[in-house]
Amino acid sequence: MSYIITTLCLGDKYIPIKKHWLERTREKCKNVKDIVIFDETNISQDEIPSLNEYAWWDIIRLRKNIGLCSSNSIPIVQIDMDIILEKDIQSIVKLPYDFIISTEIGGNKSFPRECSEKLGFGVCTGFYVVKPTSIPFLQKIADNIFNKKYNSVSDQVNIMNYIVNHPHICTDEICILDGIEFHNKKIEIDGILIGVLDFNIITRDPVLSAHQYGNHINVDNVGGITNFIRYFYEPLENLPLTCRCGKTHLGDNSICKHIDMRK
Ligand SMILES: [Zn+2]
């Protein structure tokens with residue numbers, strides 16, 4: 001199955017990461033048809049909505065991904081530049097869902113909490129797969145973002161609100177990927193299937209190298225870009241933990257429960 005990977009690179013923050021991310025993504029994904037970076041060179045001024053607030057770029061990214069999927073008729077995989085791939089994602093793309101998305105950290109308290117409390121988990125738009133059959137659903141999400149239906153321009157907030165406010169059936173599903181058992185959620189909504197990937201497939205704040213396909217690491221949690229780039233090249237277990245625990249400058253005073261997991 002051929003597919004295209006896209007990412008968004010706006011502003012200075014991710015520019016030093018770009019070459020490392022591109023090299024890693026190409027190295028792991030042998031069957032990718034193309035890797036497209038959305039940046040100042042291909043986003044026109046009239047595509048930028050006058051929303052001028054946090055996450056306004058989510059709608060640009062979503063519209064561009066819908067457009068690419070529609071014109072190429074193959075899956076489009078959006079991957080944030082702070083996700084370091086560890087394996088070829090081909091088997092994820094092939095999963096029999098119309099729209100595939102990763103899981104947010106925090107379980108039933110993940111952002112946005114008012115939705116994850118109802119659903120029992122949250123989705124993370126750092127990694128998602130758009131297939132042609134999901135375009136009508138995602139077009140509704142894009143329209144809702146534009147109209148600020150849920151008072152937010154964040155794609156994650158809009159997807160979560162749409163799900164909890166519309167009839168849906170959510171079931172647990174065992175999923176074998178490359179011989180490893182994972183536990184996905186399957187959401188039936190508007191006649192399509194959304195697959196929410198096991199947290200351990202695209203994992204946030206990784207502690208150990210297990211069977212994950214990608215490590216989603218918050219650049220600020222690890223102290224900035226220079227530190228983040230080390231996660232491409234050094235074994236995870238030798239690097240500082242990526243969680244927020246105990247990082248008072250990030251406003252977290254909790255005691256880290258992850259240290260013991262590496263022993
Ligand atoms: Zn911790």
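Structure first, text after, so check above.
1. Here we look at the pairing of strand β3 (residues 76-79)
Residues Ile76 and Gln78 line one face of β3 and the alternating positions Val77 and Ile79 line the opposite face, and both faces are buried. As judged from the three bridges shared by strand β1 (residues 3-8) and β3, these two strands associate in the parallel manner. By the bridge assignment for β3, Ile5 is matched with Val77. With four bridges joining them, β3 and strand β6 (residues 123-130) adopt antiparallel strand pairing. Pairing of Val77 across the sheet is with Val129, part of β6.

2. Some words on the environment of Asn200
Tracing the backbone through its elements, the reader meets Asn200 in the loop between β9 (192-196) and β10 (202-204). Among the residues examined, Asn200 registers 15 C-beta atoms within 10 Å and is labelled partly exposed. Separated by 68 residues in sequence, Asn200 and Pro132 have C-alpha atoms that sit 26 Å apart. Beyond its immediate sequence surroundings of up to four residues, Asn200 is in contact with Phe182, Ala210, His211 and Gln212.

3. What to know about the nonpolar core
The nonpolar side chains of soluble globular proteins are, as a tendency, buried together. In terms of nonpolar packing, the biggest core is built from 47 residues, with Val77, Phe99, Ile100, Ile101 and Val130 touching the most fellow members. Not counting residues up to four positions away in its chain, the partners in contact with Phe99 are Tyr128, Val129, Val130, Lys131, Ser134, Phe137, Leu138, Ile192 and Ile194.

4. So, the sheet that holds β10
Strand order in the open sheet made by the three strands is β4-β11-β10, with mixed pairing throughout. Both outer strands of the open sheet, β4 (83-85) and β10, are each paired with one neighbouring strand and no more. Here the average twist between neighbouring strands, direction ignored, is 20°. Relative to strand β11 (residues 214-216), β10 runs parallel, the two being bridged by three bridges. Bridged to Arg204 within β11 is His216.

5. Side note on the sheet that holds β9
Sheet strands line up and pair through hydrogen bonds in the backbone, either parallel or antiparallel. The mixed open sheet is built from eight strands, whose spatial order is β2-β1-β3-β6-β5-β9-β8-β7. The strands lining the two open edges of the sheet, one partner per strand, are β2 (32-38) and β7 (169-177). Across this sheet, the average inter-strand angle for adjacent strands is 25°, counted without regard to direction.

6. A word on the packing of helix α2 (residues 57-72) against helix α5 (residues 135-146)
Remark: α2 packs on α5, axes separated minimally by 10 Å, with the N-to-C direction vectors making an angle of 155°. Classified by the angle their axes make, α2 and α5 are roughly antiparallel. Along this stretch, α2 crosses α5, giving a crossing that reads as left-handed. Residues Asp58, Ile59, Leu62, Arg63, Ile66, Cys69 and Ser70 of α2 pack against Ile135, Leu138, Gln139, Ile141, Ala142, Ile145 and Phe146 of α5. Residue classes in the contact of α2 with α5 are distributed as ten nonpolar, two polar and two charged.

Basis of the calculations
Residues numbered from 1 in each chain as written. Predicted model: local features only at pLDDT ≥ 70, side-chain atom pairs only at ≥ 80, totals over all residues. Buried ≥ 20, exposed ≤ 12 C-beta atoms within 10 Å, placed from the backbone. Helix = DSSP H or I, 4+ residues; strand = E, 2+ residues; numbered from the N terminus. Pairing = 2+ DSSP bridges. Contact = placed C-beta atoms within 7 Å. Core = buried A, V, L, I, M, F, W, Y, C linked by C-beta atoms within 7 Å. Axes fitted to C-alpha atoms, helices over the stretch in contact; angles between N-to-C directions. Parallel < 35°, antiparallel > 145°, perpendicular 65-115°, else oblique. Left-handed = near helix turned anticlockwise from the far one by under 90°. Nonpolar A, V, L, I, M, F, W, Y, C, P; charged D, E, K, R; others polar.

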